[in-house]
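Structural overview for review
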Amino acid sequence: HFRFSPEGGSHFTKSTREWAQEVLNVKNFEKAQEHGVFDMVGHLFLVGTLYCALLFMIGEEHMLPGGGMWSMVLIWFCSLVGGFAMDKFGLPPLLGMLISGMVLKNWQYLPGCSDPVEALPASWSEGIRAAGLSVILMRSGLELDIPAVKKAGMAAVRLTALPGILEAFIVAAGGIIIFDMEFPLALSMGFILAAVSPAVVVVGMFNLQKAGYGITKGIPSLVVAAASFDDVVAISGFSIAVSFAIPSHGEDHSMAMTLLHGPLEIVFGVILGFTGGAILSATRIWNKRWKRSAVVMGLGMLFMFGMLRQGFSGAGAMGGLIMGMVGSVCWRAGSPSLLAKRADEHYVHHAESDLALLWSLLCQPLLFGVIGTALDFGLIPAETIPKSIIVCCCGLAFRLPMAYFATYGKGLSQKERSFIALSWIPKATVQAALCAVPLDKIRENMENNHDVDHAEWLKWEKWGYDILTTAVLSILLTAPLGLIFISVLGPRWLSKDIEDEYEEDEEDPLHGALDREDMTEEEKIQAMAAQDSSDLKLLMIQKIKAVENLVNKKNGHLTHTDVMEFRKMIWQGKKVAEGCSIEG
């Protein structure tokens, strides 16, 4: 019992049951606030305050309608609203962001309306695309589970390389036949479409893994590992193809440089990645969470924009990905011992979590919104859209069977292999980051090459728009399909393999009478304290047994998933101990 003495008056007591019920009521009210009107009002107030501060700081020329900052803020805000709306319908938020950008750009074709985002400089759009690509690849590098990749073996290698490369060449053939493109340019379009989207696939697989589907055969780990490296293959192939398709015409340009440009991007990317990873490993210097997150972000942006300035944008993107992988390995192993403070897996999760927050709040809405604004329907012939859809469908028609056959010999059933193939559909992030690059390079090349006549200029510019339209339509078509296949077919076609950490004849009280989805485990424990304190003792005993069973079953060798489950049970035990101390 707790005793209170309000204003020195008479004492009164409050039972544990009443106290716990009040705690639950307060927490439920706070939880409703977080997702309700109060949360929205708070965010809008903060955004409005920041905007007004920038208005006085930068000036009306940039921050009011017709200014570059106004256009960027408008794209960002509308993309967030569109993403929120799509999320409510169970679709990927990036679709709403992309559509919001398309609506803003084509608003000018309504009677009496003008283009609200025409003031956005082209260099800003290029910077937003580069920054978005850098962040998503750094996240992929940090998230990559190297032991899971080794366990997947050659199946991960085949799934990484074969479907994407085959689709790239099929799309290239479609570009030559349907759009009458030259082969190198068509191949660059093929590698843009060949990349699978980590923003859709990785999130979907983590949700399935959390729910316990396909864990025994390592299906989520296999797909996540292959998806991370798939982007490397696509970006490398694109860099090589586009260097042949649109060579520079500067004074220092030569055919040898054209031949070496693609391989040099790979070499520079690897060097930058290992250099950045070595810098990240010095956790005696980066001894705070904010320092580690800041140095990851700073190095990634430095690599991306530094190499972009030198004409090697692919090297900067690859450097960020490899830096994340190397840094993740060093942080987990605590190496090198001279520079590392200690081995701590939390370093990886903290940095990735901070990058994820930056991605969801800033980079993702700006990236997909800006790509949407690049699609001006007034400049795209009507026949281009059905042609683009045909090219996308042809690529998928060959990609899916190859993804199915790539998992041969892994001991998977036909349904499991079919699920992996269908989960290999979504396209979004890499397409959004790269789809406008050929058009930008074409314009830059034509402006520097004064020998090209007007008809040749128009032909190449049309090809650039064809690539842009095809990539955007591929996102609109495949991202929702992929998410539906993963979320719907995963629970049906994959086996549920959650290991039973409890004795089979015992029931976990947390999943018994208080099995409510709207309550956290901490709230369930508090509610149990209000009902019967003896249940807490039983729960404590079962959690201790579960920890012992987990360690004994694995003979002391725990995987990453086991470690996370171990920490979860330890946390539950601490919360149970806090609940037991209420009556004591």
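Residues numbered from 1 in each chain as written. Predicted model: local features only at pLDDT ≥ 70, side-chain atom pairs only at ≥ 80, totals over all residues. Heavy atoms only, no water.

Remarks on the overall build of the protein chain
- Scanning the protein chain from N- to C-terminus turns up 23 helices and two strands.
- Residues counted as buried form 48% of the 584 residues belonging to the protein chain.
- A sequence separation of at least 24 residues applies to 75% of the contacts in the protein chain between residues at least 6 apart.
- Of the roughly 28,100 Å² that the protein chain leaves accessible, carbon and sulfur atoms contribute 64%. (Helix = DSSP H or I, 4+ residues; strand = E, 2+ residues; numbered from the N terminus. Buried < 20%, exposed > 50% of the residue type's maximum accessible area, 1.4 Å probe, protein only. Contact = heavy atoms within 4.5 Å. Areas by Shrake-Rupley, 256 points an atom, 1.4 Å probe, with all protein chains shown as cover.)

Some points on the packing of aromatic side chains
- Applying the stated criterion to the full structure yields five aromatic pairs.
- Centre to centre, the rings of Trp331 and Tyr347 are 6.2 Å apart; their planes meet at 80 degrees, and the pair counts as edge-to-face. Pair noted here: Trp331 is in helix 14 (residues 313-333) and Tyr347 is in helix 15 (residues 346-373), with a separation of 16 residues, a long-range link. This pair shows no difference in class: Trp331 is buried, exactly as Tyr347 is.
- Their ring planes at 85 degrees and their centres at 5.5 Å tell us that Tyr404 and Phe405 sit as a pair that is edge-to-face.
- One residue, Arg417, lies across the ring of Tyr404, its end atom 4.2 Å from the ring centre. (Phe/Tyr/Trp six-rings, centres within 6.5 Å; stacked < 30°, edge-to-face > 60°. Lys NZ or Arg CZ within 6 Å of the ring centre and 35° of its normal.)

So, the confidence of the model for the protein chain
- With 81% of its residues at a pLDDT of at least 70, the protein chain reaches an overall mean of 81.
- Here residues 1-14 is modelled with pLDDT under 50, and outside its nearest four sequence neighbours on either side it reaches 18 contacts, counting other chains as well.
- Considering only residues more than four positions removed or in separate chains, one finds that residues 500-508, a stretch of pLDDT under 50, has 16 contacts. (pLDDT = per-residue confidence, 0-100.)

With respect to the nonpolar core
- Core analysis: the biggest nonpolar cluster contains 94 residues, and Leu94, Leu133, Val296 and Phe368 have the highest contact counts within it.
- If you tally residues by element for this core, the top one is helix 14, at ten residues.
- Discounting residues that sit within four places of it in the chain, Phe368 has contacts with Leu94, Met97, Leu98, Trp359, Ala428, Thr429, Ala432 and Ile475.
- In this structure, Leu208, Leu222, Ala226 and Leu489 belong to the second largest nonpolar core, which totals 30 residues. (Core = buried A, V, L, I, M, F, W, Y, C linked by side-chain atoms within 4.5 Å.)

Some details on helix 16 (residues 384-406)
- Its 23 residues place the ends of helix 16 33 Å apart at the C-alpha level, agreeing with the 33 Å of an ideal helix rising 1.5 Å per residue.
- Looking at helix 16, one finds that the buried residues are Thr384, Ser388, Val391, Cys392, Gly395, Leu396, Arg399, Ala403, Tyr404 and Ala406.
- Elements that come into contact with the buried residues of helix 16 comprise helix 8 (154-178), helix 9 (183-194), helix 11 (219-245), helix 17 (414-422) and helix 20 (454-493). (Expected span 1.5 Å × (residues − 1).)

Quick look at the pattern of salt bridges
- Summed over all chains, the structure comprises twelve salt bridges.
- Among the salt bridges present, the one from Glu167 reaches Lys427, with a minimum N-O distance of 3.0 Å. Of the two residues, Glu167 sits in helix 8 while Lys427 sits in the loop between helix 17 and helix 18 (429-434), which places them 260 residues apart along the sequence. A single burial state applies to Glu167 and to Lys427, both of which are buried.
- Residue Arg342 is joined to Asp344 by a salt bridge in which the shortest nitrogen-to-oxygen separation is 3.3 Å.
- Residue Asp344 is classed as buried on the basis of its relative accessible area of 13%.
- Here the salt bridges do not stand alone but share partners, grouping Glu167, Arg399 and Lys427 into one network. (Salt bridge = Lys/Arg side-chain N within 4 Å of Asp/Glu carboxyl O.)

Quick notes on the environment of Ala245
- When you line up the elements, Ala245 lands in helix 11.
- Between the C-alpha atoms of Ala245 and Glu182, which are 63 residues apart in sequence, the distance is 7.8 Å.
- Non-local contacts of Ala245, meaning those with residues more than four positions away in its chain, are made with Pro184, Leu185 and Trp460.

As for helix 4 (residues 68-88)
- Between the first and last C-alpha of helix 4 there are 31 Å, a value that for 21 residues agrees with the 30 Å anticipated at 1.5 Å per step.
- Every buried residue belonging to helix 4 is among Gly68, Met69, Ser71, Met72, Leu74, Ile75, Trp76, Ser79, Gly82 and Gly83, and all of these are buried.
- Note on helix 4: the residue one or two positions beyond its end, Gly90, has a positive phi of about 80 degrees.

Concerning unusual backbone geometry
- The step from Ser335 to Pro336 runs through a cis peptide bond, and the omega angle for that step is -5 degrees.
- With respect to the helices, strands and loops of the structure, Pro336 is situated in the loop between helix 14 and helix 15.
- Phi is positive for Asp180, which is not a glycine, with a value near 60 degrees.
- Relative to the helices and strands, Asp180 resides in the loop between helix 8 and helix 9.

Examining the packing of helix 11 against helix 17
- Close contact between helix 11 and helix 17 brings their axes to 11 Å; oriented N to C, the two are set at 30 degrees. The angle between helix 11 and helix 17 places the two elements in the roughly parallel class. The handedness of the crossing between helix 11 and helix 17 comes out as right-handed. Facing helix 11, whose interface residues are Ile219, Leu222 and Val223, helix 17 presents Glu416, Phe419 and Ile420.
- Its residues assigned to classes, the contact of helix 11 with helix 17 comprises five nonpolar, no polar and one charged. (Axes fitted to C-alpha atoms, helices over the stretch in contact; angles between N-to-C directions. Parallel < 35°, antiparallel > 145°, perpendicular 65-115°, else oblique. Left-handed = near helix turned anticlockwise from the far one by under 90°. Nonpolar A, V, L, I, M, F, W, Y, C, P; charged D, E, K, R; others polar.)

Some details on a nonpolar patch on the surface
- On the surface, Ile240, Phe244, Leu259, Leu260, Ile266, Val270 and Phe274 cluster together to form a nonpolar patch covering roughly 580 Å² of accessible area.
- Only helix 11 and helix 12 (255-280) provide two or more residues apiece to the nonpolar patch.
- Ranked by residues supplied to the nonpolar patch, first place goes to helix 12 with five residues. (Patch = residues over 30% accessible without salt bridge, like charges linked within 9 Å, V, L, I, M, F, W, Y side chains within 5 Å.)

Looking at the environment of Met323
- Turning to its location among the elements, Met323 is positioned in helix 14.
- The class of Met323 is buried, set by a relative accessible area of 0%.
- Placed 23 residues apart in sequence, Met323 and Gly300 show a C-alpha to C-alpha distance of 8.0 Å.

Structural notes on the packing of helix 9 against helix 11
- The contact between helix 9 and helix 11 brings their axes to 8 Å, and the two run at 165 degrees. With respect to helix 11, the axis of helix 9 lies roughly antiparallel. The hand of the helix 9/helix 11 crossing is left-handed. Counted together, Pro184, Leu185, Leu187, Ser188, Phe191, Ile192 and Ala194 of helix 9 and Asp230, Val233, Ala234, Gly237, Phe238, Ala241, Val242, Phe244 and Ala245 of helix 11 form the full contact between these two elements.
- When its residues are assigned to classes, the contact of helix 9 with helix 11 shows 13 nonpolar, two polar and one charged.

Describing the side chain of Glu167
- A residue is classified by how much of its surface remains accessible, and Glu167, at 0% relative accessible area, is buried.
- Only 3.0 Å separates the side chain of Glu167 from the side chain of Lys427, close enough to count as a polar contact.
- Ignoring any residue separated from it by four or fewer positions in sequence, one finds Glu167 in contact with Leu193, Ala194, Gly395, Leu396, Arg399 and Lys427. (Polar contact = N/O pair within 3.5 Å; in protein donor to acceptor, adjacent residues only side chain to side chain.)

Here we look at the side chain of Ser134
- Relative to the helices and strands, Ser134 resides in helix 6 (residues 122-143).
- Reaching out from Ser134, the side chain makes a polar contact with the backbone oxygen of Gly300 at a distance of 3.4 Å.

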